[in-house]
Amino acid sequence: GKLYINEVYMFSVDKLYDILFTESQFMSDFLEQRRFSGVVYHPWRKEEAGNQTREIMYTISLSNPLAPKTATVTETQTLHRSSQVSECYIIDAEVITHDVPYHDYFYTLNRYMLTRVAKNKCRLRVSAELRFRKHPWGLVKGFIERNFWSGLDEYFRYLELELSKVPLLLSEHHAQS
Ligand code: YK8
């Protein structure tokens, strides 16, 4: 896998969880700016192993000349049972992009680790993996890999940028009240 984000933020780990994994204002603004549409959240469900899972569906806009203009996505998030409120949250997100060329060959596995550093301080680590469901031949594999990593690079660079603005918004909010 590739480590995309490894950052410390000056707010609580619960706040970070709310921002990223509930239907927060941050997430709806972020998804809108990224031109995600038709977002449907299914509720969290308990699994036998003690983990919780949910599905999120949406449509993304693509600018890759080799791909269609839009593609539907299914994201299955698993909140790991070792997660503990105010301490740590581990979420795996399996992302399947339908409609793109070779979509049946690969999927994405993203791992989000949110940990408490202090009362109002937390760390976020995000890593991503490209996984193959079928074995493509060399040329196709290289083609998928190039397009895959460039798309992900852009997404997580933007997520990190937007997250870095959150403490600023909070302090502005305090200044007003
Ligand atoms: C999630 C990985 C690959 C895919 C895309 C595929 C093009 C393939 C084209 C050819 C478009 C939000 C990505 C980036 C779409 C967006 C996906 C997101 C960012 C010609 C082979 C969606 C995280 C995520 C995971 C995988 C990303 C796709 O929360 O290049």
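What counts and what doesn't
Residues numbered from 1 in each chain as written. Predicted model: local features only at pLDDT ≥ 70, side-chain atom pairs only at ≥ 80, totals over all residues. Heavy atoms only, no water. Pairing = 2+ DSSP bridges. Helix = DSSP H or I, 4+ residues; strand = E, 2+ residues; numbered from the N terminus. Phe/Tyr/Trp six-rings, centres within 6.5 Å; stacked < 30°, edge-to-face > 60°. Lys NZ or Arg CZ within 6 Å of the ring centre and 35° of its normal. Core = buried A, V, L, I, M, F, W, Y, C linked by side-chain atoms within 4.5 Å. Buried < 20%, exposed > 50% of the residue type's maximum accessible area, 1.4 Å probe, protein only. Contact = heavy atoms within 4.5 Å. Near = heavy atom within 4 Å. Polar contact = N/O pair within 3.5 Å; in protein donor to acceptor, adjacent residues only side chain to side chain. Areas by Shrake-Rupley, 256 points an atom, 1.4 Å probe, with all protein chains shown as cover. Nonpolar A, V, L, I, M, F, W, Y, C, P; charged D, E, K, R; others polar.

Undergrad: What exactly am I supposed to notice about the pairing of strand S7 (residues 106-118) here?
TA: Successive residues of a regular strand alternate their side chains across the two faces of the sheet. Sheet topology note: the strand S6 (residues 88-97)/S7 ladder contains eight bridges and is antiparallel. Along S7, the bridge assignment pairs valine 95 with threonine 108. Note that S7 and strand S8 (residues 121-132) share twelve bridges and pair antiparallel. Among the inter-strand pairings, leucine 114 is bridged to a residue of S8, identified as leucine 124. Hairpin remark: S7 followed by S8, antiparallel, with two residues in the connecting loop.

Undergrad: How do you make sense of the packing of aromatic side chains when you look at a structure like this?
TA: Aromatic rings in a pair are described by how distant their centres are and how their planes are angled relative to each other. Under the definition given, this model contains 16 aromatic pairs. The interplanar angle of 75° and the centroid separation of 5.6 Å between the aromatic rings of phenylalanine 30 and tyrosine 155 together place this pair among those described as edge-to-face. Of the two residues, phenylalanine 30 sits in helix H2 (residues 25-33) while tyrosine 155 sits in helix H3 (residues 138-164), which places them 125 residues apart along the sequence. Three or more aromatic residues link up through ring pairs in this structure, and these residues are Tyr4, Phe26, Phe30, Phe36, Tyr58, Phe106, Phe148, Trp149, Tyr155, Phe156 and Tyr158. Above the plane of the ring of tyrosine 158 lies arginine 34, whose end atom (NZ or CZ) is 4.4 Å from the centre. Across from the ring centre of tyrosine 105, 4.8 Å away, lies the NZ or CZ of lysine 134, which sits over that ring.

Undergrad: Looking at this model, I keep getting lost on the nonpolar core. Mind explaining?
TA: Counting residues in each nonpolar core, the largest one holds 43 residues, and the members touching the most others are Leu20, Phe26, Leu114, Leu124, Phe156 and Leu163. By residue number, the principal contributor to this core is H3, which donates eight residues. Discounting chain neighbours no more than four positions away, the residues touching phenylalanine 156 are Tyr4, Ile5, Asn110, Tyr112, Val126 and Ala128.

Undergrad: I'm lost on the side chain of threonine 97 in this one. Help?
TA: Inspection of the secondary structure puts threonine 97 in strand S6. Judged by its relative accessible area of 15%, threonine 97 falls in the buried class. The contacts of threonine 97, once residues within four sequence positions are left out, are Ile60, Thr72, Val73, His103 and Phe106.

Undergrad: Teacher, can you tell me more about the site of the ligand here?
TA: Neighbouring residues of the ligand: 17 residues in total, closest Tyr58, Glu75, Thr108, Asn147 and Tyr155. Contact between the ligand and glutamate 75: an oxygen atom at 2.8 Å from a side-chain N or O atom of the residue. Contact distances for the ligand include 3.3 Å between an oxygen atom and a backbone N or O atom of asparagine 147. Coverage of the ligand by the protein amounts to 95% of the 630 Å² it exposes when considered alone. Those elements that place two or more of their residues in the shell around the ligand are strand S4 (52-61), S6, S7 and H3. Grouping the amino acids of the shell around the ligand by side-chain chemistry returns eleven nonpolar, five polar and one charged.

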